[in-house]
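Below, each chain spelled out in residue letters.
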Amino acid sequence: MEIKTAKPKVDPSDYYRTDELSLTEEEKMVRDTARAFVKKEILPHIQTWDKGVIAPFKSQEEMIRSTARKVAENLGIFGLNLIELGKYSGDASFEPISHTAYGAALRELEAGDSTLRSLISVQSSLCMFAITRYASEEQKKKWLPVLHRGEKLACFGLTEPQGGSDPGNMMTTAIKKGHAWVLNGNKVWITNGFADVAVVWAKTSEGIRGFLVEKGTPGFSNRSEEKWTFRAGVASSLSFSKCEIPEENLLPQTVRPPGKDLASPLSCLTEARYGICWGVVGAARACFEEVLRVTKERNMFGVPLAQKQEVQRKLVWALNEIENSQMLSYQLGRLKDQGKLSYAHVSMAKYNNVSKACEVARMCVELLPADVFTFDAYHSGRHFRNLEVVKKYEGTHEVHAFVVGREITGYNAF
Ligand SMILES: Cc1cc2nc3c(=O)[nH]c(=O)nc-3n(C[C@H](O)[C@H](O)[C@H](O)COP(=O)(O)OP(=O)(O)OC[C@H]3O[C@@H](n4cnc5c(N)ncnc54)[C@H](O)[C@@H]3O)c2cc1C
């Protein structure tokens, strides 16, 4: 029997019409292409991938590499907001998109799954950004075209077991030996640690510097972690044991004055966090749309669940939080497009948008029937699990509060 539900009077997916009024026609095309990609290539598979069923792929690595190639072919989004990429993309028709359009695309991709947005954030914002900003001409020519086309993948190795939120406490070292550098140490929780090249941060006699370590280099190995969330993605430990890399694999522009040597890796994190601020709006919206549909369709106590005051209060609360985060993302986008975005702006937006997305997802789990605890029935449970990771990585919720706290008080609370 077909269930008839009441028609909404407004579009709950764009309540304040920010997309409609703020995006140009080109930016809308970028958004729509990302949305269509998720619908066709991700949503039909993501529940089974999340469950660990990845056939016909033989490994998660194969699955992620295949997705990366499709992302590149369909969206061309790797590095697409990096103006400097124009010179190195290897594509004569390369046209960078605005940071706002890039954000809107990431929002659509994270409505599919946070691991998909993470794949793009790591490749584009952490690694390709690091290369455009800190690499030599030769390094740029070697890596940027293949990363842009998704033919090769990159990972970003900063976090260490004892370091976490305190990356300055790093123990990985790089020691100059003739025309080579010798790396020793361990990194943990590195997204796509199986990648073809790792941007690795290590302590040297001149402070923390960045290095490009290629897969297969003797002394460099990786092992992926088992996890109950972010299951369609891979995070790995990286190990460097007397790992000798050529002198030309040092990122030359990462040299900084004493005491400022974390500025290079942190600049990459600011880029990726910008994308997170947008992305989580998509994940929260996906949960909200699912729960709105289900509560309108499910009859309880003789009426649709969505007719109950308490349910409407929860739905409106969720929509209000999503729309507030959405408007905040737009403001970040415009600040970034005008070159006025600071890392502290990004910290405050990550602090707000991620925790609100977590709360929205939790409320959606609350409003759905118990099948939400299976892998198959609903998407909200997966987003709920994923978003807890997004709250912890790329600077925890608390750490972002300290960044903003330091900005407004002048006192360092770390
Ligand atoms: C799926 C996944 C993918 C990841 N991908 C990458 C990657 O690609 N590259 C990479 O380098 N890293 C990556 N990370 C690591 C991530 O960035 C770290 O987990 C994050 O920086 C937090 O570090 P930690 O886990 O050691 O937590 P900790 O720093 O140990 O934090 C634990 C708790 O202590 C709190 N805390 C910390 N310091 C203070 C303080 N001064 N005062 C009060 N409270 C404090 C934190 O807020 C948190 O609540 C990834 C992590 C995950 C889970």
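Residues numbered from 1 in each chain as written. Predicted model: local features only at pLDDT ≥ 70, side-chain atom pairs only at ≥ 80, totals over all residues.

Attention now goes to the overall build of the protein. Across its full length, the protein holds 12 helices and nine strands. The dimensions of the protein, computed from C-alpha atoms along their principal axes, are 80 × 55 × 45 Å. When burial is assessed residue by residue, the protein has 45% of its 414 residues classed as buried. (Helix = DSSP H or I, 4+ residues; strand = E, 2+ residues; numbered from the N terminus. Buried ≥ 20, exposed ≤ 12 C-beta atoms within 10 Å, placed from the backbone.)

Right, let's get into unusual backbone geometry. Residue Pro56 follows Ala55 across a cis peptide bond; omega there is 5°. Relative to the helices and strands, Pro56 resides in the loop between α3 (46–51) and α4 (60–75). Here Trp189, not a glycine, exhibits a phi torsion of approximately 60°, which is positive. Along the polypeptide, Trp189 turns up in strand β3 (residues 180–191). Residue Trp189 is classed as buried on the basis of its 21 C-beta neighbours within 10 Å. Unusually for a residue other than glycine, Phe301 sits at a positive phi of about 50°. Topologically, Phe301 is positioned in the loop between β8 (299–300) and β9 (303–304).

As a matter of local geometry, the ligand sits amid 21 residues, with Leu158, Gly164, Ser165, Thr396 and Glu398 nearest to it. Of all the secondary-structure elements, those providing two or more residues to the shell around the ligand are β1 (154–157), β3, α11 (380–392) and α12 (397–409). In terms of residue class, the shell around the ligand is made up of 12 nonpolar, six polar and three charged. When residues of the shell around the ligand are sorted by domain, at least three fall in each of domain 2 (155–254) and domain 3 (263–409). (Near = placed C-beta within 6 Å. Nonpolar A, V, L, I, M, F, W, Y, C, P; charged D, E, K, R; others polar. Domains from an automatic or database assignment.)

The next thing to look at is the environment of Lys152. Within the fold, Lys152 resides in the loop between α7 (137–148) and β1. The class for Lys152 is partly exposed, based on 19 C-beta atoms found within 10 Å. Measuring from C-alpha to C-alpha, the distance between Lys152 and Arg69 comes to 8.9 Å, with 83 residues separating the pair along the chain. Setting aside residues up to four positions removed in sequence, Lys152 forms contacts with Val146, Leu147, Asp196 and Val197. (Contact = placed C-beta atoms within 7 Å.)

Attention now moves to the pairing of strand β2 (residues 173–177). Sheet analysis places β2 next to β3, joined by five bridges and oriented antiparallel. For Ile175, the partnering residue across the bridge sits in β3 and is Val182. Where β2 folds back onto β3 in an antiparallel hairpin, the turn is made up of two residues, including Gly178, whose phi is positive at roughly 60°. (Pairing = 2+ DSSP bridges.)

In this section: the pairing of strand β4 (residues 197–204). Judged by how many residues are buried, β4 sits mostly within the fold: six of eight residues are covered. Bridge analysis of β1 against β4 gives four bridges, and the strand direction is parallel. By the bridge assignment, Phe156 is partnered in β4 with Val199. Where β4 lies against strand β5 (residues 207–214), eight bridges are found, and the strand directions are antiparallel. Directly across from Trp201, in β5, lies its bridge partner Gly210. Hairpin connection, β4 to β5: the antiparallel pair is bridged by two residues.

Further remarks concern the packing of helix α2 (residues 25–42) against α4. Interhelical geometry of α2 versus α4 gives an angle of 140° and a closest axis separation of 10 Å. As far as their axial angle goes, α4 and α2 are oblique. For the crossing formed where α2 meets α4, the hand is right-handed. Where α2 approaches α4, its residues Thr33, Ala34, Phe37 and Glu41 are matched on the opposing element by Lys70, Asn74 and Leu75. Taken together, the residues of the contact of α2 with α4 sort by class into three nonpolar, two polar and two charged. (Axes fitted to C-alpha atoms, helices over the stretch in contact; angles between N-to-C directions. Parallel < 35°, antiparallel > 145°, perpendicular 65-115°, else oblique. Left-handed = near helix turned anticlockwise from the far one by under 90°.)

Now for the domain arrangement of the protein. With domains assigned, the protein is organised as domain 1 (12–153), domain 2 (155–254) and domain 3 (263–409). Put simply, the middle of domain 1 and the middle of domain 2, counted by C-alpha atoms, are 23 Å apart. Each partner contributes residues to the interface: domain 1 has 24 residues there, and domain 2 has 21 residues. Those elements that provide at least two residues to the side of domain 1 that touches domain 2 are α3, α4, α6 (114–134) and α7. The greatest single-element share of the side of domain 1 that touches domain 2, amounting to nine residues, is contributed by α6. Looking at the side of domain 1 that touches domain 2, its residues break down into 11 nonpolar, seven polar and six charged.

Structurally, the position occupied by Val188 is in strand β3. What makes Val188 partly exposed here is the crowd of 18 C-beta atoms within 10 Å. When the C-alpha atoms of Val188 and Asn222 are compared, they prove to be 9.5 Å apart, with 34 residues separating the residues in sequence. Filtering out sequence-adjacent residues up to four positions away, Val188 remains in contact with Thr159, Glu160, Pro161 and Ser237.

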